[in-house]
Amino acid sequence: MTKPTISFLIAVFLCFSSYSQDPKNIEVFVDMPLDSCISWMHNNFKNVEIYHEVGLQTLKRINSNTHDSNAIKVHEELSIWHAYNGLFSPDSAVYHTKKALELHKKRSNKKQIADTYELLSRHYVKARQLDKSQDVLFKSISIYEDLKDDAGLGMAYRTLGDLYRVMEDYEKSIEYTNKAIPLLDKTKNYGLLGMAHFNLIISHGKLNEFKKAYLATEKCLKIVEEKVPEEAFIPVKALSYRGEVYVKAQNYTNALKDYIKSWELCVEIIGEERCATYRTEIGQVYLLQKDYDEALEHLLAGVQAYEKQGKNTIIQQYQNLSECYANLNDFEKALLYKDKANKNATGVLKDKIVNLESEMVIKYETGKKDEALAAQDALLKQKDRVKTLFITIASLLGVLLFVMVYFFNKNKKKTAVIKAKSEENELLLKEIHHRVKNNLELVKSLIALQSADLEDSVTKDAMIASQNRVQSMGIIHQKLYQGTNLGSVDMKDYFINLSSGILDTFDADDKVKIECAMDQLELDVDTAVPIGLIVNELLTNALKYAFPDNNTGRIEISMSKVDKKTISLKVSDNGIGKSVNTTSKGTGFGTQLINLLTQQLNGIMEETYNNGTSVTFHFKT
């Protein structure tokens, strides 16, 4: 192996010296050797200032040199960084892991392919793409079995146990965790062995198998004590999880012991100030025991720590503190913290609505981005044609060979840049739809939280209707980021998902059947959203009024293209119907919304009441 030259070492020293003086200076990495850039990435996961930009810049340099092995390393580092810091959507970690997987497949290294499948499955779990997580995880298990790789199998079975726990299939979580434990023990992977017991503690607790959960905790603590005492955070987690089991079993005395011990161990590791927020769990148990003085001490310390961190989204902690003060007859402070809880809940709701409005603006700009992608696609094809033309001319006109080669290389670089931009734009669009869907889900949850304590039935019905409207928009964005076409939605699949959600809201699965009698039909986002809201209102009205006294019935949804410019939508039920001149029930807001949305789509609406209610629309596209 040749020794590095003095000039090289000086260059590296100057690069890192410059970086240490200016942590935002990305330019020092431009001329740094690729190995040094990758080494820096490997050792700086906590850097959130320039890490991502360094990774993308290094990838561009590697792509221009087609160094697959270095590209794999950078994609893997970016994948782990995204998962570690959580600054971006989990889709970002998925994206880079899939890129690394593609390159591993080209190199046909089965062990690395299996390891990357296993890593990808964990990222899919965080992205809540559980079916995909299960699919790639079984692929990794198949390869590990062929290779007779016990260490890999132990790791994969443990991850499968995690997956089934997230899916709330606690029996399977226990089954695969128990398959992982002997393999992890055999291969001396004691850290992962200890963490595997988390699945047993949680899953046995969820199944009310409390003694088995307690035994799993003891085994976990013993493994750490005897094999990996340096893994100090495993006991912190294990005791916290057992504390949750004790609370579920209403054994508050032991729950309190575990929570206190977990907190004390955490304090030993990272200090009392950083662990203060954990005291809210201790305070909550004291509150359940009606020991209000002790509860107050811990709840107040934990809440103050949250406030010191600038947290303005805590709600349950304020509510617990308010309840504690109320039981101590300090009603002024009880009201103060109740108000803080309400203000935070309202603030979170307002922030999410603002974010939602911003995301909706982006949604309407998505069409422009789609046009830009199409234009870039056309430009790529045009560049390929020019390249072919240049090669032909070069073969016929040898005199101009060097000139043609120059233009060819220049064109090739531009094509690579355009392709990279296209991929980045596609990822951006998926992240936009995913964030919109997540924000809508949070808005729906916050509305449900606000309506939980309402006693007025009219107001509560209005809040439930609002939840369903938000859900109807959220499903569209979910379909967009999960599908391959970012600009259109399969309406039949969308109506099936929408119907299932509304039936679940009204607990009408056994009473009413909703059928989608239609072929596959895709619509753009701007058309799908208002149509989805219209169908949501019609289904809600039918479930509320068409089948009184727990009558059974059927609702049918159909949609088709009458011609190139006209779409027909029909929603009918076989309920009790109504007379033409009968006054509508409810507030009438749903009817107004349907009329406004119909006008927005340049449509007309027809209603008939023969053996039920049938509403037909004709929209001009």
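Residues numbered from 1 in each chain as written. Predicted model: local features only at pLDDT ≥ 70, side-chain atom pairs only at ≥ 80, totals over all residues. Heavy atoms only, no water.

1. A word on helix α16 (residues 292-308)
Okay, step 1: Helix length check: α16, at 17 residues, gives a terminal C-alpha distance of 23 Å against a target of 24 Å (1.5 Å per residue), a fit within 8%.
Okay, step 2: Residues Tyr292, Ala295, Leu296, His298, Leu299, Ala301, Gly302, Val303, Ala305 and Tyr306 constitute the buried set of α16.
Okay, step 3: Positive backbone phi, at 80°, marks Gly310, one or two positions downstream of α16. (Helix = DSSP H or I, 4+ residues; strand = E, 2+ residues; numbered from the N terminus. Expected span 1.5 Å × (residues − 1). Buried < 20%, exposed > 50% of the residue type's maximum accessible area, 1.4 Å probe, protein only.)

2. Here we look at the side chain of Gln57
Okay, step 1: Mapped onto the secondary structure, Gln57 falls in helix α3 (residues 51-65).
Okay, step 2: Overall, the relative accessible area of 18% leaves Gln57 in the buried class.
Okay, step 3: When near neighbours in sequence (up to four residues on either side) are disregarded, Gln57 contacts Ile26, Phe29 and Val30. (Contact = heavy atoms within 4.5 Å.)

3. Focus on a negative patch on the surface
Okay, step 1: Judged by side-chain charge, Asp504, Asp507, Asp509 and Asp510 come together as a negatively charged surface patch.
Okay, step 2: Relative to the helices and strands, Asp509 is located in the loop between α21 (491-505) and β2 (512-516). (Patch = residues over 30% accessible without salt bridge, like charges linked within 9 Å, V, L, I, M, F, W, Y side chains within 5 Å. Areas by Shrake-Rupley, 256 points an atom, 1.4 Å probe, with all protein chains shown as cover. Salt bridge = Lys/Arg side-chain N within 4 Å of Asp/Glu carboxyl O. Lys, Arg positive; Asp, Glu negative; His and termini not counted. Charge placed at Lys NZ, Arg CZ, Asp CG, Glu CD.)

4. Observations regarding the packing of α16 against helix α17 (residues 316-327)
Okay, step 1: Running from amino to carboxyl end, α16 crosses α17 at an angle of 145°, the nearest separation of the two axes being 9 Å. Read as a crossing pair, α16 and α17 show a hand that is left-handed. Only Gln317, Tyr318, Asn320, Leu321, Cys324, Tyr325 and Asn327 of α17 make contact with α16, whose side of the interface consists of Tyr292, Ala295, Leu296, Leu299, Leu300, Val303, Tyr306 and Glu307.
Okay, step 2: Residues belonging to the contact of α16 with α17 are distributed by class as follows: eleven nonpolar, three polar and one charged. (Axes fitted to C-alpha atoms, helices over the stretch in contact; angles between N-to-C directions. Left-handed = near helix turned anticlockwise from the far one by under 90°. Nonpolar A, V, L, I, M, F, W, Y, C, P; charged D, E, K, R; others polar.)

5. What about the nonpolar core?
Okay, step 1: If you look at the biggest cluster of nonpolar residues, it comprises 47 residues, and the most contacted ones within it are Met491, Phe495, Ile531, Ile555, Ile557, Met559 and Leu569.
Okay, step 2: Per-element tally for this core: the top contributor is helix α22 (residues 525-546), with twelve residues.
Okay, step 3: When residues no more than four places from it in sequence are discounted, the contact partners of Phe495 are Cys516, Met518, Ile531, Val535, Ile557, Met559 and Leu569.
Okay, step 4: Counting residues in each nonpolar core, the second largest holds 46 residues, with Phe198, Cys220, Ala238 and Val245 among its members. (Core = buried A, V, L, I, M, F, W, Y, C linked by side-chain atoms within 4.5 Å.)

6. Focus: the pattern of salt bridges
Okay, step 1: Inspection of the entire model under this criterion finds 13 salt bridges.
Okay, step 2: Here Glu273 makes a salt bridge to Lys308, at a shortest N to O gap of 3.0 Å. Of the two residues, Glu273 sits in helix α14 (residues 272-275) while Lys308 sits in helix α16, which places them 35 residues apart along the sequence. Neither Glu273 nor Lys308 differs from the other in exposure class; each is exposed.
Okay, step 3: A salt bridge links Glu307 to Lys340, with the nearest nitrogen and oxygen atoms 3.3 Å apart. Residue Glu307 is found in helix α16, and its partner Lys340 is found in helix α18 (residues 331-396); the two are separated by 33 residues along the sequence.
Okay, step 4: Glu307 gets classed as partly exposed once you look at its relative accessible area, which sits at 31%.
Okay, step 5: Connected via shared salt-bridge partners are Lys111, Asp115 and Asp149.

7. Observations regarding the sheet that holds strand β5 (residues 566-573)
Okay, step 1: An order of β2-β4-β5-β7-β6 is seen for the five strands of this open sheet, with the pairing classed as mixed. Two strands in the sheet have a free side with no partner beyond their single neighbour: β2 and β6 (603-608). The average angle at which neighbouring strand axes cross in this sheet is 10°, direction not considered.
Okay, step 2: The sheet contact formed by β6 and strand β7 (residues 613-620) spans six bridges and is antiparallel. For Thr608, the partnering residue across the bridge sits in β7 and is Ser614.
Okay, step 3: Along the sheet, α21 contacts β2, β4 (553-563) and β5; its crossing angle with β2, the most-contacted strand, is approximately 170°. (Pairing = 2+ DSSP bridges.)

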